[in-house]
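Residues per chain are reported as follows:
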Amino acid sequence: EAKFATNVPSGRRDRFVEEYAFNLTSESTGDTQNLYAYLYNAINQANNIIQAVPRLPDGSQAQKDRVLGEAYVLRALVYFDLLRFYAQPYRFTPD
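What comes next concerns the included structure. Quantities reported herein were computed from a predicted structural model and do not represent experimental measurements.

Brief notes about the overall build of the protein
- Check the secondary structure of the protein and you find 3 helices and 0 strands.
- If you list the helices and strands of the protein from N to C, you get α-α-α.
- The contacts in the protein between residues at least 6 apart in sequence include a share of 41% that link residues at least 24 apart.
- Carbon together with sulfur atoms contributes 56% to the accessible area of the protein, which is approximately 7,600 Å² in total.

See the structure below:
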């Protein structure tokens, strides 16, 4: 059973599930139009972390490696979702 955030209005708790499952209804299209910007913002934040972590004076190398690994994974997941939402289908024909 899926668990949803409690601070989301009750009528919109399934918004992210709709988008992830490609169940885009007219009610959720406004959120979907902003999805492109949200995803590229997440990529930008991951890139900022990847650039900043090596220059941090505090923390052990293991901690830095863990944070870098998490940032790389999140960035890869966001790129994957961008492909899922916006890539041209493999069997696409122009006619």
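Section: the nonpolar core
- Counting 6 residues, the largest nonpolar core is built from Leu35, Leu39, Ile43, Val78, Leu82 and Phe85.
- Those elements that place two or more of their residues in this core are helix 2 (29-52) and helix 3 (61-86).

Re helix 3
- For helix 3, with 26 residues, the first-to-last C-alpha span of 37 Å sits near the 38 Å given by 1.5 Å per residue.
- Buried residues of helix 3: Lys64, Leu68, Ala71, Val78, Asp81, Leu82 and Phe85, and no others.

Quick word on the environment of leucine 74
- Tracing the backbone shows leucine 74 in helix 3.
- When its relative accessible area of 53% is taken as the criterion, leucine 74 is described as exposed.
- In sequence terms leucine 74 and glutamine 45 are 29 residues apart; their C-alpha atoms lie 9.9 Å from each other.

Describing a nonpolar patch on the surface
- The grouping of Tyr36, Tyr40, Tyr79 and Tyr86 at the surface amounts to a nonpolar patch, some 430 Å² of accessible area in total.
- Going through the elements one at a time, helix 2 and helix 3 are the ones with two or more residues in the nonpolar patch.
- Tracing the sequence through the fold places tyrosine 40 in helix 2.

Side note on the pattern of salt bridges
- The tally for this structure, following the rule as stated, stands at 2 salt bridges.
- Across the pair glutamate 70 and arginine 66 runs a salt bridge whose closest N-O atoms are separated by 3.3 Å. With a gap of 4 residues between them, glutamate 70 and arginine 66 both fall in helix 3, about one helical turn apart.
- Residue classification places glutamate 70 among the partly exposed positions, given a relative accessible area of 41%.
- Close ionic contact of arginine 84 with aspartate 81 constitutes a salt bridge, the shortest N to O distance being 2.8 Å. Linking arginine 84 with aspartate 81, this pair stays in helix 3, spanning 3 residues, or about one helical turn.
- For arginine 84, a relative accessible area of 24% translates into the label partly exposed.

Rules behind the numbers
All chains use their own residue numbering, which begins from 1 and follows the written sequence. Local features are withheld for residues below a pLDDT of 70 in this predicted model, meaning they are given only at 70 or higher, and side-chain atom pairs are given and counted only at 80 or more; totals for whole chains, interfaces and linings count all residues. No hydrogens and no water enter the side-chain calculation; it runs on all heavy atoms of the structure. Helix and strand assignments follow DSSP, with helices taken as H or I runs no shorter than four residues and strands as E runs no shorter than two, numbered in order from the N terminus. Contact between two residues is taken to exist if any of their heavy atoms lie within 4.5 Å; hydrogens are not considered. Per-residue accessibility takes into account occlusion by the displayed protein chains alone, with areas from the Shrake-Rupley method and a 1.4 Å probe. Put simply, a nonpolar core is a bunch of buried Ala, Val, Leu, Ile, Met, Phe, Trp, Tyr and Cys residues held in one set by side-chain atoms that sit within 4.5 Å of each other. Residue exposure (1.4 Å probe, protein chains only): buried if accessible area is under 20% of the type maximum, exposed if over 50%, otherwise partly exposed. Take the residue count of a helix, subtract one, and multiply by 1.5 Å to get its expected span. Think of a patch as exposed residues, more than 30% relative accessible area, with no salt bridge, where like charges cluster within 9 Å and nonpolar side chains (Val, Leu, Ile, Met, Phe, Trp, Tyr) cluster within 5 Å. The term salt bridge refers to a pairing of a side-chain nitrogen on Lys or Arg with a carboxyl oxygen on Asp or Glu at a separation within 4 Å.

These results come straight from atomic positions and should not be treated as a statement about function.
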